[in-house]
Amino acid sequence: KVMSLRRQQVKKRQVVAPFALIILCSLIVLSVWTAIDPLIWIRMTISGVDGEGEKNSDEPLETYGYCECENGGVLYFAVPLGILNALAVGVTAIFSWKLKNVSTDFADSKLI
């Protein structure tokens, strides 16, 4: 049906529906991740060194922080999210490949 060489009009619903489905699935995965295993902020302190080169644990030289899951469940949520996004990119790539030889009379994207 994609390569039928007939002029077809793409309706807004045909574009918005897959986009909305991908966004909805991503929001569901992210919401469940936040509810079950929320990220927490961890700040680490690096001990300072005084003028004589000796460690001075009273005065921190610098700190750094990062987010981490409380229960370490990153893989249970990041992998499905990554698969969902990779699937969306893959389907888009397949359609782009199938439509690569469409005349510029029908393909406005070459003009952009």
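Residues numbered from 1 in each chain as written. Predicted model: local features only at pLDDT ≥ 70, side-chain atom pairs only at ≥ 80, totals over all residues. Heavy atoms only, no water.

1. Some remarks on the overall build of the chain
When helices and strands are counted, the chain shows two helices and two strands. Contacts spanning at least 24 positions in sequence make up 56% of the contacts within the chain whose residues lie at least 6 apart. As displayed, the chain has an accessible area near 9700 Å², and 63% of this comes from carbon and sulfur atoms. (Helix = DSSP H or I, 4+ residues; strand = E, 2+ residues; numbered from the N terminus. Contact = heavy atoms within 4.5 Å. Areas by Shrake-Rupley, 256 points an atom, 1.4 Å probe, with all protein chains shown as cover.)

2. Considering a nonpolar patch on the surface
On the surface, Leu-24, Ile-28, Val-32 and Ile-36 cluster together to form a nonpolar patch covering roughly 360 Å² of accessible area. Checked against the element boundaries, Ile-28 lands in helix 1 (residues 12–36). Of the residues examined, Ile-28 reaches a relative accessible area of 47% and is grouped as partly exposed. (Patch = residues over 30% accessible without salt bridge, like charges linked within 9 Å, V, L, I, M, F, W, Y side chains within 5 Å. Salt bridge = Lys/Arg side-chain N within 4 Å of Asp/Glu carboxyl O. Buried < 20%, exposed > 50% of the residue type's maximum accessible area, 1.4 Å probe, protein only.)

3. Remarks on the confidence of the model for the chain
Averaged over the chain, the pLDDT score is 80; the fraction of residues at 70 or greater is 71%. Predicted confidence in the chain is weakest over strand 2 (residues 55–69), with a mean pLDDT of 76, and strongest over helix 1, with 91. (pLDDT = per-residue confidence, 0-100.)

4. Side note on the nonpolar core
Membership of the largest hydrophobic core is limited to five residues, which are Val-29, Trp-33, Cys-69, Phe-77 and Leu-81. Going through the elements one at a time, helix 1 and helix 2 (74–98) are the ones with two or more residues in this core. Dropping the residues within four chain positions of it, Cys-69 is found in contact with Trp-33, Asp-37, Pro-38, Leu-39 and Val-74. (Core = buried A, V, L, I, M, F, W, Y, C linked by side-chain atoms within 4.5 Å.)

5. Brief notes about the packing of aromatic side chains
One pass over the full model with this rule turns up two aromatic pairs. Relative to Phe-77, the ring of Trp-33 has its centre 5.7 Å away and its plane inclined at 10°; by these criteria the two rings are stacked. With Trp-33 in helix 1 and Phe-77 in helix 2, this residue pair connects regions lying 44 residues apart in the sequence. There is no split in this pair, since Trp-33 and Phe-77 are both buried. Between the aromatic rings of Tyr-64 and Tyr-66, the centroid separation amounts to 6.5 Å while the plane-to-plane angle is 25°, which identifies the pairing as stacked. With relative accessibility at 40%, the residue Tyr-64 sits in the partly exposed group. (Phe/Tyr/Trp six-rings, centres within 6.5 Å; stacked < 30°, edge-to-face > 60°.)

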